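Understanding the architecture of this molecule
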Amino acid sequence: MEALFIFVAKSSGLLILFYLAYHFLLRKETFFNSNRWFLLIGLLTSVALPFLVYTKIVWVDPTPLPNFNYSPTYVPQSSEKESFEIDWNLVSLAIYALGFLAFMLKFALDFYSLNSVLKGKQVQQQADFKFVDVKENIAPFSYFDYIVYNSSMYSESELENILEHEKVHSDQNHTIDVLISRIFCVLFWFNPIIWLYKKAILQNLEFIADREATKKISDKKAYQYTLLKITTHESCVAITNHFYQSLIKKRIVMLNKNQSKKWNYWKYYTIIPALVAFVFLFQIKVIAQEKESKEKTEVAEKTDPVDVYKINKHTTDQDLKEMAEELKENYNADVVISNVKRNSKEELTSIRIDIKKENEETQTLQIEGDKAIKKCGIVVSIKENGSNRIGILTDDAIDKPMIIEDRKIEVREIRNQVGEVTPPTPPTPPTMPTMPVFPNGPMPTAPPMDMSKMPKAPKAPTNHNDKAAMKTFEKELAEFEKKMEAFEPDMSAYEKQVEEIMAKREAIYDKEMAKYDLAMQKFDADMEKFNQYIEKAYGPSSDEYARNMGEYEKNMGEYEKGMRVYEQHMRQQERDIRKAEKNKKS
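Fair warning: this is a prediction, and the values are worked out from it, not measured in the lab. (Residues numbered from 1 in each chain as written. Predicted model: local features only at pLDDT ≥ 70, side-chain atom pairs only at ≥ 80, totals over all residues. Heavy atoms only, no water.)

1. Some words on the sheet that holds strand β10 (residues 348-356)
The condition is simple: For two strands to pair, DSSP has to find at least two bridges joining them. Comment: elements are numbered from the N terminus, with helices defined as DSSP H or I runs of at least four residues and strands as E runs of at least two. For helices, the axis comes from a line fit to the C-alpha atoms of the stretch in contact; other axes are also lines fit to C-alpha atoms, and the angle between any two N-to-C directions lies between 0 and 180 degrees. Any pair of residues with heavy atoms lying within 4.5 Å of one another is described as a contacting pair.
Here we have three strands laid out as an open sheet, ordered β9-β10-β11, and antiparallel in their pairing. Edge positions in the sheet fall to β9 (334-342) and β11 (363-367), since each has one partner strand and no second. Pairwise comparison of adjacent strand axes, ignoring direction, gives a mean angle of 10° for this sheet. Where β9 meets β10, seven bridges bridge the pair, whose relative direction is antiparallel. Looking at the pairing, Ile 337 lines up with Ile 353 of β10. Strands β9 and β10 of the sheet are contacted by helix α11 (residues 317-331), whose axis makes an angle of about 170° with β9.

2. Describing the pairing of β10
The two faces of a sheet get side chains in turn, since along a regular strand they alternate between them. Put simply, the test is: The buried label goes to any residue with under 20% of its type's maximum accessible area, the exposed label to any with over 50%, and the partly exposed label to all in between, with areas taken from a 1.4 Å probe on protein chains only.
With respect to burial, β10 is a largely interior element, seven of its nine residues being buried. The sheet contact formed by β10 and β11 spans five bridges and is antiparallel. Paired with Arg 352 across the strands is Gln 366, a residue of β11. A loop of six residues connects β10 with β11, the two strands running antiparallel in sequence, and Asn 359 in this loop sits at a positive phi of about 60°.

3. Comments concerning the packing of helix α2 (residues 32-48) against helix α5 (residues 174-187)
For any two helices packed against each other, the geometry is given by the interaxial angle and the distance between the axes. Condition: For any pair of crossing helices, the crossing counts as left-handed if the nearer helix is rotated counterclockwise from the farther one by less than a right angle, and right-handed if it is rotated clockwise. Each residue receives one of three labels: charged for Asp, Glu, Lys and Arg, nonpolar for Ala, Val, Leu, Ile, Met, Phe, Trp, Tyr, Cys and Pro, and polar for the others, Gly being one of them.
Across the interface, α2 lies against α5 with an axial gap of 11 Å and an inter-helix angle of 35°. The handedness of the crossing between α2 and α5 is left-handed. Contacts between α2 and α5 involve Arg 36, Leu 40, Leu 43, Leu 44, Ser 46 and Val 47 on the former and, on the latter, His 174, Asp 177, Ile 180, Ser 181 and Phe 184. When its residues are assigned to classes, the contact of α2 with α5 shows six nonpolar, three polar and two charged.

4. So, a negative patch on the surface
Put simply, the rule reads: Patch membership is restricted to residues that have no salt bridge and whose relative accessible area is over 30%. Joining uses 9 Å for like charges and 5 Å for the nonpolar side chains Val, Leu, Ile, Met, Phe, Trp and Tyr. Residue-level accessible areas treat just the shown protein chains as cover; the underlying method is Shrake-Rupley with a 1.4 Å probe. Whenever a carboxyl oxygen of Asp or Glu lies within 4 Å of a side-chain nitrogen of Lys or Arg, that contact is scored as a salt bridge. Under the counting rule used here, the positive set is Lys and Arg, the negative set is Asp and Glu, and His together with the chain ends is not counted. Charge positions are represented by NZ for Lys, CZ for Arg, CG for Asp and CD for Glu.
On the surface, Asp 319, Glu 322, Glu 325, Glu 326 and Glu 329 cluster together into a negatively charged patch. Take Asp 319: it is sitting in helix α11. By relative accessible area, Asp 319 is classed as partly exposed at 34%.

5. Considering the pattern of salt bridges
Overall, the coordinates contain 14 salt bridges when judged by the stated rule. In this structure, Lys 106 and Asp 110 form a salt bridge, with 3.0 Å as the shortest nitrogen-oxygen distance. Of the two residues, Lys 106 and Asp 110 both sit in helix α3 (residues 88-118), four residues apart, roughly one turn of that helix. By relative accessible area, Lys 106 is classed as partly exposed at 39%. By relative accessible area, Asp 110 is classed as buried at 8%. Its salt-bridge partner being Arg 251, residue Glu 206 comes within 3.5 Å of it at the nearest N-O pair. One end of the pair, Glu 206, is in helix α6 (residues 192-216); the other, Arg 251, is in helix α8 (residues 248-256), with 45 residues separating them in the sequence. Given a relative accessible area of 1%, Glu 206 falls into the buried group. Each of Lys 106, Asp 110 and Arg 182 takes part in a single network of salt bridges with overlapping partners.

6. What to know about helix α9 (residues 271-282)
What counts here: By this rule, a helix spans an expected 1.5 Å times one less than how many residues it contains. Directions drawn from the helix axis to the C-beta atoms are what define this arc.
Counted at 1.5 Å a residue, the expected span for α9 with its twelve residues is 16 Å, and the 16 Å between its end C-alpha atoms agrees. Every buried residue belonging to α9 is among Ile 271, Leu 275 and Phe 278, and all of these are buried. Here the buried residues of α9 occupy an arc of 55° about the axis, which is enough to place them on one side. Looking at the packing, one finds that the buried side of α9 touches α1 (2-26) and α2.

7. Structural notes on the side chain of Asn 161
For Asn 161, the position within the fold is in helix α4 (residues 156-171). For Asn 161, a relative accessible area of 5% puts it in the buried group.

8. Comments concerning the packing of aromatic side chains
Short version of the rule: In this scheme Phe, Tyr and Trp rings, the latter by its six-membered ring, pair at centre separations within 6.5 Å, and the angle between planes marks the pair as stacked below 30 degrees, edge-to-face above 60, and tilted otherwise. For a lysine, the NZ atom is tested; for an arginine, the CZ atom; a charge sits over a ring if that atom is within 6 Å of the ring centre and within 35 degrees of the ring normal.
Per the counting criterion, the structure on display carries 22 aromatic pairs. Between Tyr 143 and Phe 144, the ring centres sit 4.9 Å apart and the planes meet at 80°, which makes this aromatic pair edge-to-face. The exposure class assigned to Tyr 143 is buried, which follows from its relative accessible area of 14%. Three or more aromatic residues joined by ring pairs form one cluster here, namely Tyr 96, Phe 100, Phe 103, Phe 184, Phe 188, Trp 189, Phe 190 and Trp 195. Over the ring of Trp 37 we find Arg 36; its NZ or CZ atom is 5.1 Å from the centre of that ring.

As structure tokens, this is what we get:
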């Protein structure tokens, strides 16, 4: 679940990155075909790049094992009732699934609507295009090689302009761009940037079709008049390239704009350092590994290896048989196991072990009783010259020797005054580092825009053959464009301020996140070592382990609470980022 949320967050971030690069650097350039591929590459990169992860190994100094403070006081286990908690991960997933299904249903209905328009209609094949003349009051559109229009709604010259426009859409397969953008809107429906991204793709496709169509049309001004006339159509098919699009003024302005200079192509390469920074910040997985301790190496060089064959109340007859065979094969020791008795729970209560090795005395371990036995074992000490010594180790009340390195060690059971074995206190797990918070602060105020002073667009004369009226209209249209350029506020200074503020905040946050990632790696390594030490020190089947794991589980509950706090920090970070982006746009 966490991996899914991280993938969605990274993909959304890449979409925002490409959209901002297009909006602030490329939107006003006339490299329409290049812009098309830039936007499509942005969509593909947003889903592919999060899967490319580079693994980096960081060597850290070994962490010393925690010191245990053994206390003679027995701490009884306490049980707490589990309180009901809402799994917000499942809630988020359910909300996403509902939105996904809703937009998938809308997508399917759009296909049904398109099929209803094309079904049963007469198709006229011309070259690579299929023309469909319908009677419905809908805007002209193209869908792959189909071009649909209502010829009764336009004059012959207007229809010619419209068909040239739609031929460009069909010939350059613009329908694929529309479908890809719709699919991404279904997948990332919760991200408002994807809807702006889709709008930018559709608008750029119209720029391409307008430019290519005017190359084949002799009267460029008549084509612009056709654009103005089509602005009143209401009905459009959603998943198609239709002749009517909003923002007609922008289309006319881009149609008359001079070709951008080639040296402006450098703007496309600005996305590369941003992607490299993204990879270094989020796509490098740091794995912390401990350096080999010099002290441990020195001790290992001075200490002979020791093999221990443990026996406890859960050891089976098959385990005992395999143990004797292995001792015979590896160390040429004759091990005879007899007098094996078990209680109703199949726990060992009695056992006798006789060990005989060449040139050595026979060693015997015998345990009898009605209660399950405690841990005991056979210890083999191997010297540098290859020779070995075998002894018996027990923590029961029997007085038996253990022979290691020609030393005889007396092994006795230690009990407290009340006759109970002192229960050890479990160690404290390591503390999780604190999640950094994205820097917040005020944003500059955007230049105001007084909509009451917005100039009104001139109306085209009904009679296009009236030269005087058309000349007056052209003059009014030119004045309207000048007034619109003067009316729109200068956003460059504001955009530069926002970019500088966000860049500083992101740099501070990135440094803190890098430190946090390293701390989390060290924390994970400490937790792994802590768990291994617990199991090794107590043993998963021992009575002491069972009595004291209650306190350990309580400590682990605190750790889980810390992890929930971490998830809350992550959600707060996402909200801060969205808020910052919203302030940036406003």
